[in-house]
There are 2 protein chains.
Amino acid sequence: MTSMAVTNIGELVTNDPAAGHGRLGVLPDAALIVDDGRVAWVGANALAPAADTVLDAQGGAVLPGFVDSHTHLVFAGDRAAEFAARMAGERYTGGGIATTVAATRAAPDEELRATVERLRREALRQGTTTVEIKSGYGLTVPDEARMLRIAFEASPETTYLGAHVVPAEYADRPDDYVALVCGAMLDAAVPYARWVDVFCERGAFDADQARAVLAAGVAAGLAPRVHANQLGPGPGVRLAVELGAASADHCTHLSNADVALLAGSSTVATLLPGGEFSTRSPYPDARRLLDAGVTVALATDCNPGSSYTSSMPLCVALAVREMRMTPAEAVWAATAGGAQALRRTDIGHLGIGARADVLLLDAPSHLHLAYRPGVPLIRHVLHNGVLT
Amino acid sequence: MTSMAVTNIGELVTNDPAAGHGRLGVLPDAALIVDDGRVAWVGANALAPAADTVLDAQGGAVLPGFVDSHTHLVFAGDRAAEFAARMAGERYTGGGIATTVAATRAAPDEELRATVERLRREALRQGTTTVEIKSGYGLTVPDEARMLRIAFEASPETTYLGAHVVPAEYADRPDDYVALVCGAMLDAAVPYARWVDVFCERGAFDADQARAVLAAGVAAGLAPRVHANQLGPGPGVRLAVELGAASADHCTHLSNADVALLAGSSTVATLLPGGEFSTRSPYPDARRLLDAGVTVALATDCNPGSSYTSSMPLCVALAVREMRMTPAEAVWAATAGGAQALRRTDIGHLGIGARADVLLLDAPSHLHLAYRPGVPLIRHVLHNGVLT
């Protein structure tokens, strides 16, 4: 494999505090050498060693690729009409998530695969070089396994979310559904999943049910993460910390005790402002979490119901506008934060040895991701060292 | 010039109510023929006549190009640090607009021209096929003329905004500055300007000063438009309607009388949600305006201080999320509304004879512009009938 020099970098965000300039480890007037898909050297542009090929950053900012640690990319159908009705304040009787479950079950593999591929490429163009993908619109043994198999073709970061909602056919016997999720459905999911997740919320799964699902997943070799405290207060964050989950996702309705638990744990709080944007809901209080010392990640929650965006730059801009994160905190959360939420040390930074997932911006600074909302600023993406 | 057929359009937004399906005049399963830079035919895909070339819309939505009727693209420098300080709630002492005035005066023509061209292309990629450009960072006779000359190279929709702020050198004699704006500066601007504009606001220009500037511009052959009621209540809207201005821009702080005046006039209310997004300010109440019968346009206000976005799709998404416009109202406002704010009948719609400014979306419906915030959905742009 040939080596590549990325030269004339106006601002290199390494996410290595040892590099200086705060938590983002910003190096001015820098260069970066990629070799064999890894970062082989970073330093002053004037001192850059030779490489086989050169990519001129033209004074622009260079960042680690975004790590989108929470998506639901495997689905069929479209809920644009539901979105429009919600925005108009109208009551919508179209079925919500059940619509997507029905459409997903009915879709052939090829259709699901094409949707994942379309959205993965769309995300990659916007700088997302790692994407986590959940199941959860199948809710039968074969459909959950099928979703995870298709997701696993696109990403190693796959999450078994059989416990997304109780499907209609189990409405009057939810514990039987939990038993299925912990039994035959889990067995079918395990070959294609790294993570186990549960929607722990009033109207979905309670603390005991969620604990059972996560414990079964852990016993089967999966690592836990939790949809927690999105729609109201509840036991989700507590459970996530208790089980050492990599991430508690959403975190909109937190008690002081929840915040303290997160701050004292290795569980990342993953915030998903695309969801609040597209449902006109109150945003989580990122400032409170950061000030308490909680590690925060940003992700898109990309799904056809509540957040049909694949744009990590939009999430950065919303985090700054709506959640009072600084641009530096938001960029860190969208890169290193996402990596930590996936317990990955090879991505989310540009230290020596990191995977060469590298974004070249059409802008001189990471600040522009929030300063220039909506503008496609990603000029080039290196994924595993390869120009995409 | 060869003709082109755009075929297999899943949803054609014509903005011609006679076409059916509401104000957007949506045709399903449609085709469109472009000839000599104009729309020559629209109708059912199955009935489309032959053309020299074919562009397959693959079932996607097709819209008129966005008309961005309010920008400040001629400037030098960058105010990212000011933005970051504002978002952090810190007091910023860097100079604000005076920073941009100083940088713009110091910049050579080539630098200003390159910035306009970069932003115009960036906007075009996001679907903006018509862009209005204001002066207002020169504030001397030669610099205002220079800004307009450079703007006029990029767009015929140029606006003389010598009355943007009173420059520091006139701080203690603002009426002398108004006399200059109405005199020698206007004379120098007229060859390159179509419009005259004034920032009528406490701290900028009062009603008498604004009326003087607009009247002088009209006497010199320019057509009026007004920055009105952005930061607080004031006489801007009243003045705009009194003078028959094409547009009153911002319209955040309106009395009931202001709304009634707009509703009874041919003056468009141009809303600029990018500004509220990037300054964390309250959004104007679009619903109130629409319900009163006011014609509403959306524009970016693209400028390096308060709204450094060139993204009309972001403005559409913000209009729906934050200003309670329906997706259809927002798309109309970003196309036909902008055209009306520029008193243009050849753009903003896709009726027969319209300029062939056409967007092909990577999405089946105009709803997706709001439903998929931040996602670059513009697959192809025809500008004057030419694929860009």
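Please read all numbers here as calculations on a predicted model, not as lab measurements.

Asks: If you had to explain the domain arrangement of chain A to someone new, which residues and values would you point to?
Replies: Residue and element names in this part refer to chain A. Under the domain assignment used here, chain A contains domain 1 (4-65 + 348-387) and domain 2 (67-341). Taking the mean C-alpha position of each, domain 1 and domain 2 sit 29 Å from one another. The contact between domain 1 and domain 2 buries some 1,600 Å² in all, and 70% of this surface belongs to carbon and sulfur atoms. Where domain 1 touches domain 2, the interface holds zero salt bridges. At the junction of domain 1 and domain 2, the tally comes to five residue pairs in polar contact (both at pLDDT 80 or more). Of all elements in the fold, only β5 (61-64), α14 (368-371) and β16 (378-383) reach the threshold of two or more residues within the side of domain 1 that touches domain 2.

Asks: I'd like a description of the interface of chain A and chain B, backed by residues and values.
Replies: Contacts between the two partners involve 43 residues from chain A, matched on the other side by 42 residues from chain B. With both chains or domains summed, chain A and chain B bury close to 3,600 Å², and 58% of this area falls on carbon and sulfur atoms. It is Phe277, Arg321 and Tyr371 of chain A in chain A that bury the most area against chain B; as a group they hold 23% of the surface buried on that side. Seen at the junction of chain A and chain B, the total is two salt bridges.

Asks: Would you mind going over the side chain of Asp197 of chain B in detail, with residue names and values included?
Replies: Of note, Asp197 of chain B is situated in strand β10 (residues 195-200). Engagement of the side chain of Asp197 of chain B in a polar contact is seen with the side chain of Lys134 of chain B, the distance being 2.9 Å.

Asks: Report on the packing of aromatic side chains, specifying residues and quantitative values.
Replies: Enumeration over the complete set of coordinates arrives at ten aromatic pairs over all chains. For the ring pair Tyr371 of chain A and Phe83 of chain B, a centre distance of 5.5 Å and an interplane angle of 40° mean the geometry is tilted. In this pair, Tyr371 of chain A is assigned in helix α14 and Phe83 of chain B in helix α1 (residues 80-87), connecting two distinct chains. With a relative accessible area of 3%, Phe83 of chain B lands in the buried category. Residues Tyr371 of chain A and Tyr308 of chain B carry aromatic rings whose centres are separated by 5.0 Å and whose planes lie at 75° to one another, so their mutual orientation is edge-to-face. A residue pair is termed interchain when its members come from two chains, as with Tyr371 of chain A in helix α14 and Tyr308 of chain B in the loop between β14 (296-298) and α12 (312-323). Tyr308 of chain B carries the same exposure label as Tyr371 of chain A, and that label is buried. Among the aromatic residues, those joined into a cluster by ring pairs are Phe75, Phe83 and Tyr308 of chain A together with Tyr371 of chain B. Positioned above the aromatic ring of Trp195 of chain A is the side chain of Arg225 of chain A, whose terminal nitrogen or guanidinium carbon lies 4.4 Å from the ring centre. The ring of Tyr308 of chain A is capped by Arg372 of chain B, whose NZ or CZ atom sits 3.8 Å from the centre of that ring.

Asks: Could you give an account of the relation of the copies chain A and chain B, with specific residues and numbers?
Replies: Each copy superposes on the other: chain A lies on chain B with an RMSD of 0.0 Å after a rotation of 180° and an axial shift of 0.0 Å. Taken together, the rotation and translation relating the two chain copies correspond to the operation of a two-fold axis. No C-alpha of chain A approaches the rotation axis more nearly than that of Gly374 of chain A, which lies at 2.6 Å.

Asks: Give me the sheet that holds strand β10 (residues 195-200) of chain A: which residues, what numbers.
Replies: All names here are of chain A. Read across the sheet, seven strands follow the order β8-β9-β10-β11-β12-β13-β14 without closing on themselves; strand pairing throughout is parallel. Among the strands making up the open sheet, the edge pair consists of β8 (133-134) and β14 (296-298). Sheet topology note: the β10/strand β11 (residues 223-228) ladder contains six bridges and is parallel. Considered in β11, the bridge of Val196 is made with Pro224. Strands β8 and β9 (158-163) of the sheet are contacted by helix α4 (residues 141-154), whose axis makes an angle of about 165° with β9.

Asks: Now, about the state of the cysteines: what can you tell me, with residues and values included?
Replies: Note on terminology: a disulfide is the covalent bond linking the sulfur atoms of two cysteines. All names here are of chain A. Going through the model one piece at a time under the given rule, you end up with zero disulfides over all chains. Residue Cys251 stays outside any disulfide, its sulfur separated by 12 Å from that of Cys200, the closest cysteine. We classify Cys251 as buried; its relative accessible area is 1%.

Asks: Please give an account of the sheet that holds strand β9 (residues 158-163) of chain B that cites residues and values.
Replies: Residues and elements named next belong to chain B. With parallel pairing, seven strands are arranged side by side in an open sheet as β8-β9-β10-β11-β12-β13-β14. If you trace the sheet from one side to the other, it starts and ends with β8 (133-134) and β14, each paired once. In terms of strand pairing, β9 meets β10 through three bridges, oriented parallel. Residue pairing for β10: Ala163 is matched across the bridge by Val198.

Asks: Any chance you could break down helix α3 (residues 109-125) of chain A for me, citing the residues and the numbers?
Replies: Residues and elements named next belong to chain A. An ideal rise of 1.5 Å per residue puts 24 Å on 17 residues; α3 measures up with 24 Å between its terminal C-alpha atoms. Turning to α3, its buried residues are Leu112, Thr115, Val116, Leu119, Arg120, Glu122, Ala123 and Leu124. Gly127 sits one or two positions beyond α3 and adopts a positive phi of about 100°.

Asks: I'd love a proper account of empty space enclosed by the protein, names of residues and values included.
Replies: Where empty space is left becomes clear once a probe the size of a water molecule has been rolled over the atoms. All names here are of chain A. By the definition in use, this model includes three cavities of 30 Å³ or more. Taken as a whole, the largest cavity encloses approximately 40 Å³ of empty space. Taken together, the residues of the lining of the largest cavity sort by class into four nonpolar, five polar and two charged. The residue makeup of the lining of the largest cavity includes at least three contributed by each of domain 1 (4-65 + 348-387) and domain 2 (67-341).

Asks: Talk me through the pairing of strand β2 (residues 26-35) of chain A; I want residue IDs and the actual numbers.
Replies: Residue and element names in this part refer to chain A. Within β2, seven of the ten residues are buried, which leaves it mostly tucked inside the rest of the structure. Sheet topology note: the strand β1 (residues 4-13)/β2 ladder contains seven bridges and is antiparallel. By the bridge assignment, Leu12 is partnered in β2 with Leu27. Taken together, the six bridges between β2 and strand β3 (residues 38-44) define a ladder with antiparallel strand orientation. Note that in β3 the partner of Asp35 across the bridge is Arg38. Two successive antiparallel strands, β2 and β3, enclose a turn made up of two residues, where Asp36 displays a positive phi of approximately 55°.

Asks: Summarise the pairing of strand β11 (residues 223-228) of chain B; cite the residues concerned and give the values.
Replies: All names here are of chain B. Most of β11 sits out of view: five of its six residues are buried. The parallel pair β10 and β11 is bridged by helix α7 (residues 207-219), and the resulting crossover is right-handed. Pairing analysis gives three bridges linking β11 to strand β12 (residues 247-250), with the strands arranged parallel. Its bridge partner lying in β12, His227 is registered against Asp249. Note that the unit made of β11, helix α8 (residues 236-242) and β12 has a crossover that is right-handed.

Parameters and conventions
- Residues numbered from 1 in each chain as written.
- Chains lettered and ligands numbered in written order.
- Predicted model: local features only at pLDDT ≥ 70, side-chain atom pairs only at ≥ 80, totals over all residues.
- Heavy atoms only, no water.
- Domains from an automatic or database assignment.
- Buried area = accessible area lost by both parts, 1.4 Å probe.
- Salt bridge = Lys/Arg side-chain N within 4 Å of Asp/Glu carboxyl O.
- Polar contact = N/O pair within 3.5 Å; in protein donor to acceptor, adjacent residues only side chain to side chain.
- Helix = DSSP H or I, 4+ residues; strand = E, 2+ residues; numbered from the N terminus.
- Contact = heavy atoms within 4.5 Å.
- Phe/Tyr/Trp six-rings, centres within 6.5 Å; stacked < 30°, edge-to-face > 60°.
- Buried < 20%, exposed > 50% of the residue type's maximum accessible area, 1.4 Å probe, protein only.
- Lys NZ or Arg CZ within 6 Å of the ring centre and 35° of its normal.
- Least-squares fit on C-alpha atoms with pLDDT ≥ 70 in both.
- Pairing = 2+ DSSP bridges.
- Axes fitted to C-alpha atoms, helices over the stretch in contact; angles between N-to-C directions.
- Disulfide = S-S within 2.5 Å.
- Expected span 1.5 Å × (residues − 1).
- 1 Å grid on protein atoms, 1.4 Å probe; cavity = no way out; pocket = protein on both sides within 12 Å on 5 of 7 lines; lining within 4 Å.
- Points joined across faces, edges and corners; volume = space filled by probe spheres on them.
- Nonpolar A, V, L, I, M, F, W, Y, C, P; charged D, E, K, R; others polar.
- Right-handed = clockwise from strand over helix to strand, strands pointing away.

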